[in-house]
Amino acid sequence: MDLKFNNSRKYISITVPSKTQTMSPHIKSIDDIVVLGINLSRFSKITQFFICVAGVFVFYLIYGYLQELIFSVEGFKPFGWYLTLVQFAFYSIFGLIELQLVQDKRRRIPGKTYMIIAFLTVGTMGLSNTSLGYLNYPTQVIFKCCKLIPVMLGGVIIQGKRYNVADVSAAVCMSLGLIWFTLADSTIAPNFNLTGVILISLALCADAVIGNVQEKAMKLHNASNSEMVLYSYSIGFVYILLGLTCTSGLGPAVTFCSKNLMRTYGYAFLFSLTGYFGISFVLALIKNFGALLAVTVTTGRKAMTIVLSFIFFAKPFTFQYIWSGLLVVLGIFLNVYSKNMDKIKLPSIYDLINKTVEVKKSRTLAQTV
């Protein structure tokens, strides 16, 4: 933009850059969808969708498989917190590398906020990993699907919120599904322990809180995902390191893993890498197609994870797993429907009756003719 003066008359000329001219990377970032360094904006919408879905399924299915594979190593189950320490170290490195690739490297969120986020992150991932020492992997996944329950309880107790019938029905379905799934697990699983249920429940509560804290901090300070990952996981790494050192849990874990380098650190690296890549595709899916479709895709991924867990890892099975899992899925659908009633139009009973009558009339007419 040029401001020129001519005989006390001033005018403004605006020059629009041509397509060949380079635009600011900050302007580009508004419209571009970049995942793992690949710009998806040059593809059609349908192609972008299938790429994101493929990324979510591929990376998170591998992530779940590797997580269960690590805990299948004989003698590793007591070291869930050490696995979290290694995972946090890798996430910090990945976040640092990604942050170096962007132009704005400043830390925008205050350190005190990151200390809170890091504590919640440690609770979410550390307790979740540790619970696998006591629970079957499908049970852990079912619990992680039910984040709505602690969110609703916290909203009622802390903020005095009121929820509609769909939300309450969703919570009831999830609760019944969880109880039924857990009872089935306790009956047939040889390694079931109530400690695992307590750990994954606490992880679920931390997970329900951390999303709100992260969203508020990122919107308030306009921070990037790479900044959030780097600082929250690096501070969390320090928390876990101090905790393991004080409880003398670091030495035995290091000794055990040093004897099984490939099956511990090798798996942990791939486990962390696939988890980091998976969240990139989830964020792209949310940004480009909305939270409703993203929730649908990730729910399908979790269901597939449970199926693959029974296929690849020998474990007891009962049909109660199926019925209780369907209850949880119904609860998830009701929760999604409650938040998107304007987008999802379910037919009323009156509409269903009319449609049935019309179908019968058309069949009768066809038989008459």
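Residues numbered from 1 in each chain as written. Predicted model: local features only at pLDDT ≥ 70, side-chain atom pairs only at ≥ 80, totals over all residues. Heavy atoms only, no water.

Undergrad: Please set out the overall build of the protein chain residue by residue, giving values where relevant.
TA: Across its full length, the protein chain holds 14 helices and four strands. Evaluated residue by residue, the protein chain yields a buried proportion of 40% over its 369 residues. Relative to all contacts within the protein chain whose residues are 6 or more apart in sequence, the contacts with residues 24 or more apart total 82%. Accessible surface, the protein chain: about 21500 Å² in total, of which carbon and sulfur atoms supply 66%. (Helix = DSSP H or I, 4+ residues; strand = E, 2+ residues; numbered from the N terminus. Buried < 20%, exposed > 50% of the residue type's maximum accessible area, 1.4 Å probe, protein only. Contact = heavy atoms within 4.5 Å. Areas by Shrake-Rupley, 256 points an atom, 1.4 Å probe, with all protein chains shown as cover.)

Undergrad: Let's hear about the confidence of the model for the protein chain: which residues, and what values?
TA: Averaged over all residues, the pLDDT of the protein chain is 75; the fraction at 70 or higher stands at 69%. Across the protein chain, the secondary-structure element scoring lowest on mean pLDDT is helix α1 (residues 25-31), at 41, and the one scoring highest is helix α10 (residues 250-259), at 90. (pLDDT = per-residue confidence, 0-100.)

Undergrad: How would you sum up the nonpolar core? Please name residues and give values.
TA: Among the nonpolar cores identified, the biggest contains 64 residues, and Phe76, Tyr82, Leu83 and Tyr91 are the most heavily contacted of them. For this core, the element with the highest residue contribution is helix α2 (residues 45-71), accounting for eleven residues. The next biggest cluster of nonpolar side chains, apart from the first, holds eight residues, and it includes Ile117, Ala217, Ala223 and Met228. (Core = buried A, V, L, I, M, F, W, Y, C linked by side-chain atoms within 4.5 Å.)

Undergrad: Can you explain empty space enclosed by the protein? Please cite residues and give values.
TA: In total, this model carries one cavity of 30 Å³ or more according to the counting rule given. Taken as a whole, the largest cavity spans an internal volume of roughly 40 Å³. What lines the largest cavity is simply Phe76, Tyr82, Leu83, Val86, Cys257, Thr264, Tyr265 and Ala268. Put simply, the parts of the chain that give the lining of the largest cavity at least two residues each are α3 (80-100) and α11 (261-289). (1 Å grid on protein atoms, 1.4 Å probe; cavity = no way out; pocket = protein on both sides within 12 Å on 5 of 7 lines; lining within 4 Å. Points joined across faces, edges and corners; volume = space filled by probe spheres on them.)

Undergrad: Any chance you could break down the packing of α3 against helix α4 (residues 111-131) for me, citing the residues and the numbers?
TA: Where α3 meets α4, the axes come as close as 8 Å, and the angle between the chain directions of the two elements is 130°. Our classification of the angle between α3 and α4 gives oblique. Read as a crossing pair, α3 and α4 show a hand that is right-handed. For the pair α3 and α4, the contacting residues are Gly80, Trp81, Leu83, Thr84, Gln87, Phe88 and Tyr91 in the first and Thr121, Val122, Met125, Gly126, Leu127, Asn129 and Thr130 in the second. Residue composition of the contact of α3 with α4, grouped by class: seven nonpolar, seven polar and no charged. (Axes fitted to C-alpha atoms, helices over the stretch in contact; angles between N-to-C directions. Parallel < 35°, antiparallel > 145°, perpendicular 65-115°, else oblique. Left-handed = near helix turned anticlockwise from the far one by under 90°. Nonpolar A, V, L, I, M, F, W, Y, C, P; charged D, E, K, R; others polar.)

Undergrad: Got a sec to walk through the packing of aromatic side chains? Specific residues and values, please.
TA: A complete count under the given rule lists 18 aromatic pairs for this structure. Considering the side-chain rings of Phe59 and Phe277, the 5.3 Å spacing of their centres and the 75° angle between planes classify their relative orientation as edge-to-face. Taken together, the positions of Phe59 in helix α2 and Phe277 in helix α11 put the pair 218 residues apart, joining distant regions of the chain. Assessed through its relative accessible area of 18%, Phe59 is described here as buried. On the numbers, 6.2 Å between centres and 70° between planes, the contact of Phe76 with Phe79 is edge-to-face. In textbook terms, an aromatic cluster arises when at least three aromatic residues are bridged by ring pairs, as seen for Phe88, Phe90, Tyr91, Phe94, Tyr233, Phe269 and Tyr276. The ring of Tyr231 has Arg107 lying over it, and the distance from NZ or CZ to the ring centre is 5.9 Å. (Phe/Tyr/Trp six-rings, centres within 6.5 Å; stacked < 30°, edge-to-face > 60°. Lys NZ or Arg CZ within 6 Å of the ring centre and 35° of its normal.)

Undergrad: I'd like to hear about the side chain of Ser272, residue by residue, with values.
TA: Take Ser272: it is sitting in helix α11. A distance of 2.8 Å separates a polar side-chain atom of Ser272 from the backbone oxygen of Ala268. (Polar contact = N/O pair within 3.5 Å; in protein donor to acceptor, adjacent residues only side chain to side chain.)

Undergrad: So, α10: which residues are in play, and what are the values?
TA: Among the residues making up α10, those that are buried are Ala253, Phe256 and Cys257. Down the axis of α10, the buried set is contained in an arc of 95°. They therefore lie on one face. (Arc of directions from axis to C-beta.)

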